[in-house]
Number of protein chains: 2
Amino acid sequence: MRHLLESANRNIYPVNPSISEVLGIPTYDTVADIPGPIDLAVIVVPALQVPAVLQGCVQKGVRAAVIISAGFAETGEQGYDLERQIVGIARSGGIRFIGPNCMGHADTSSRLCTLAWSDGITAGPVGVISQSGNYGGQIMRAGMVLGIGFSKFISTGNEADLHLEDYLEYLAQDRDTGVITAYIEGLREGRRFFQIAKRTTIRKPIIVIKAGGTRESARAAMSHSGALSGSDAVCDAAFRQAGVIRAHDDEELCDILTALLNQPLPKNNRIGIFTIGGGLGVMAAQDCEQEGLRVTPLSPSTMEKLNVYLPSRWSHGNPVDTAGMVAANRDLLFSSLLALIEDENMDAVLFLVPMIFNPERLSGSFSLNGKEAVAFQEMQKEKFVMVRERAKECGKPLFVVSSVIDEEASSFLLKEGIPIYHNPRRAAKVLRQLVWYSHYLDSVNW
Amino acid sequence: MRHLLESANRNIYPVNPSISEVLGIPTYDTVADIPGPIDLAVIVVPALQVPAVLQGCVQKGVRAAVIISAGFAETGEQGYDLERQIVGIARSGGIRFIGPNCMGHADTSSRLCTLAWSDGITAGPVGVISQSGNYGGQIMRAGMVLGIGFSKFISTGNEADLHLEDYLEYLAQDRDTGVITAYIEGLREGRRFFQIAKRTTIRKPIIVIKAGGTRESARAAMSHSGALSGSDAVCDAAFRQAGVIRAHDDEELCDILTALLNQPLPKNNRIGIFTIGGGLGVMAAQDCEQEGLRVTPLSPSTMEKLNVYLPSRWSHGNPVDTAGMVAANRDLLFSSLLALIEDENMDAVLFLVPMIFNPERLSGSFSLNGKEAVAFQEMQKEKFVMVRERAKECGKPLFVVSSVIDEEASSFLLKEGIPIYHNPRRAAKVLRQLVWYSHYLDSVNW
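Residues numbered from 1 in each chain as written. Chains lettered and ligands numbered in written order. Predicted model: local features only at pLDDT ≥ 70, side-chain atom pairs only at ≥ 80, totals over all residues. Heavy atoms only, no water.

Caption draft 1: Spotlight on the side chain of A:Ser299. Residues and elements named next belong to chain A. Mapped onto the elements of the fold, Ser299 is located in the loop between helix H10 (278-290) and helix H11 (300-309). You can call Ser299 buried: its relative accessible area is 3%. Of the polar contacts made by the side chain of Ser299, one reaches the side chain of Thr302; its length is 3.0 Å. The contacts of Ser299, once residues within four sequence positions are left out, are Asp343, Glu344 and Asn345. (Helix = DSSP H or I, 4+ residues; strand = E, 2+ residues; numbered from the N terminus. Buried < 20%, exposed > 50% of the residue type's maximum accessible area, 1.4 Å probe, protein only. Polar contact = N/O pair within 3.5 Å; in protein donor to acceptor, adjacent residues only side chain to side chain. Contact = heavy atoms within 4.5 Å.)

What follows is the structure, encoded as structure tokens:
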């Protein structure tokens, strides 16, 4: 109710025979008592009362509903029968509905939200379809921390009427949605899913998390959403054929989103690594190679440039290890990074660097006074924007990898659309996915 | 210098012919000019000057040094010759040294720190040996965020004199060190390493990160620390035979540490999953199974108890999904969790739950007034301590998995020694490692 009231632009009619008002708004005893037409019914009553309420909606001429109530097919045979009953009422009365056993939905453009969560959802290009209300919420909360905004969210529940495939088809043509994400336990219309996905991914990325891929998790999925998980290997192969990116969990999904929303797709898998510390460069090279990426040799012209910019003990190869030249000269540091970005042997660049923007900590680390620290920070920001622009011109993704990072630096990079990953493995996993998607798009017969 | 001065308990003699004082302390032109004996020389001069300085130390009767200077074997043939030269001087003069090309070392019990970092190191039971100064620092910073303290840290550098194996042998018998960790690019005395490790792991865990396991990362390791990485498969097999836990990176290493330092080792791999939301339970089951853990059926007596405690729509199996009973009754929530912990079919328990302790957010989520929110929070804390104690009595690790967690909740759990992981995969990975180590200890012929 509170959410629905947040947008003043509509009439809300609470229906409840036991109380006279909700949040100051007078209630009606039945749906029939409401004056004028109703566009959407949000049903949150005990399961056994849902058939009667839905029947009332049919008589009132309602055409759409969100049934949040639980206690249907997910609970066993009796619940299953009750679910068939409400589907029957809806079908005969011309009602389409979300749920039951769902958490509701949200549309940030019309500001319609039937969720019970207390925190608002930031508007943006990502659509979320989730066969778990909680997990969908987790995806959105994780995304919002990273500055990602959302267009639509649907907690699909038991999918007694509308299926995940319906929402997918809808988001595929929805102009507010630029990227579609989904948490999937089981597909009720597998073939249809893959047909829609194949048509969609050539212009709009789809990223899914598929759960229930192991024996006990499949059993848990069955008791959670009544979903048949199917063979994980078959699903995986079908995702690949349809150009669907498969993320392991909400963390990897959001990692991919930050890159996909802000950076070009890499043309191939040759990765340039630029590092301030040798050990992290070694780890990053290992992570890249383990993810099937290549840490390719520098071109002769890059070698020449770096021989000029960097102290003689630099690594003379990829990873480019500046051998400790951190504070000394940010000009040369960024010129060296630029040389690596422009290297024709590289398709993407990882920049491994501690990110301290807080002036107080900067003063301590680099022995600067307050004014110098602020100037230093401004200079760093300019340089970052400059290299990001150049990387974009080159059509190459640029990622920062940084485990030592402060609030200021992190919010600056997010605002500027430069993805930050806490360790090279996460960055390498994202690059593997983007390279795969890029190759998929190249291979599609337009 | 600043670090060395932090502990008043010793005399510091800066040596520098070009300036008259450092941080207010008068300098000496040469080591020979210093009055009285010298216990440790910290050498930070350009590489070419190191032989003369070391010679001066020999004449002064110094027996130990930390050579931070870079520009030796890691830079090529000339540097290699220079390194042989300083080893010769040290050997003939009876000096043992750390480095060169290292970041220094730290000992939190004697408060001796030759590192240049500006942030202090919390004292505690974890020893760190690192073939990368930066990466070692990253391990410690990541650990300190999680409340982990450190006994000794050694940045080994080129290991021209003292080898990683020497430090390992030292930490194995060091009473301040309860767990040994190491970042390894290559072992100079592989056989010795495994002999020491095998003797050590039966009473003190060793956790290593081994880098340089792929072609380009091995090349990068060679240019970074001059290390020969060797075959990764051979290393891995040797680690397993010696009971050494191998972590992928600093994140996994710290994840393991939080569990190892605070929780009992699981006897076997049967995991009980307790969740507030169905989707997360499905994901956790999948993660556990993918890591070789088992999500085993509940015992009949646990089923009986949960049928009493939980609403009828609970999952009736493992994962135990409370089906939304969050706010309603924390008493029953924790009683149910306890039933799962006490179940004879479980060796460890994952508790998947949003952790909001901030009173303001609590009020919002559960419609409590300020006073009620504080009482609620206190009650939650008591319950957590109670279940942790019971889990310990049962000899079973208890982990919280929570992506929705606030500062207050997180610092409470860390203080109470209950590990928190942001996603079930990280928790499952830790459990896999602990189960393996537990089985290793069982298999050892005492």
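So that's the structure; there's more coming.
Caption draft 2: A look at the sheet that holds strand S3 (residues 41-43) of chain B. All names here are of chain B. Sheet architecture is open: three strands sit in the order S3-S4-S5, paired in parallel fashion. Strands at the two margins of the open sheet, each flanked by one partner only, are S3 and strand S5 (96-98). Taken pair by pair, the neighbouring strands of this sheet meet at an average axis angle of 25°, ignoring direction. The pairing of strand S4 (residues 64-67) with S5 spans three bridges and is classified as parallel. (Pairing = 2+ DSSP bridges. Axes fitted to C-alpha atoms, helices over the stretch in contact; angles between N-to-C directions.)

Caption draft 3: Region of the structure containing the pairing of strand S9 (residues 150-155) of chain B. All names here are of chain B. The buried count for S9 comes to six of six residues, which makes it a mostly enclosed element. With three bridges connecting them, strand S6 (residues 105-107) and S9 associate as antiparallel partners. Looking at the pairing, Ala106 lines up with Phe153 of S9. With helix H4 (residues 133-145) bridging strand S8 (residues 123-130) and its parallel neighbour S9, the resulting β-α-β unit is right-handed. (Right-handed = clockwise from strand over helix to strand, strands pointing away.)

Caption draft 4: Main features of helix H6 (residues 190-200) of chain A. Residues and elements named next belong to chain A. When H6 is considered as a whole, its buried residues turn out to be Phe193, Phe194, Ile196, Ala197 and Thr200. The arc enclosing the buried residues of H6, seen along the axis, measures out at 165°, which places them on a common side. On its buried side, H6 packs onto helix H5 (164-173), strand S10 (179-184), strand S11 (206-210) and helix H8 (232-241). (Arc of directions from axis to C-beta.)

Caption draft 5: Molecular detail of the sheet that holds strand S8 (residues 123-130) of chain A. Across the sheet, seven strands lie side by side as S7-S6-S9-S8-S10-S11-S12 (chain A); this open sheet has mixed pairing. The open sheet terminates on both sides in strands that have one partner only, identified here as strand S7 (112-113) and strand S12 (245-247) of chain A.

Caption draft 6: Representation of the packing of aromatic side chains. All names here are of chain A. This model, assessed by the stated rule, comprises 24 aromatic pairs over all chains. Judged by centre distance (5.3 Å) and plane angle (80°), the rings of Phe334 and Phe384 are edge-to-face. Taken together, the positions of Phe334 in helix H12 (residues 330-342) and Phe384 in helix H14 (residues 370-393) put the pair 50 residues apart, joining distant regions of the chain. Across this residue pair, the class does not change: Phe334 and Phe384 are buried. Three or more aromatic residues joined by ring pairs make a cluster, and in this case those are Phe274, Phe334, Phe351, Phe384 and Phe412. (Phe/Tyr/Trp six-rings, centres within 6.5 Å; stacked < 30°, edge-to-face > 60°.)

Caption draft 7: Geometry of unusual backbone geometry. All names here are of chain A. Of note, the amide linkage connecting Gly99 to Pro100 takes the cis form, showing an omega dihedral of 0°. On the secondary structure map, Pro100 appears in the loop between strand S5 (96-98) and strand S6 (105-107). A positive phi angle is found at Asn101, which is not glycine, with a value near 60°. Along the chain, the position of Asn101 falls in the loop between S5 and S6.

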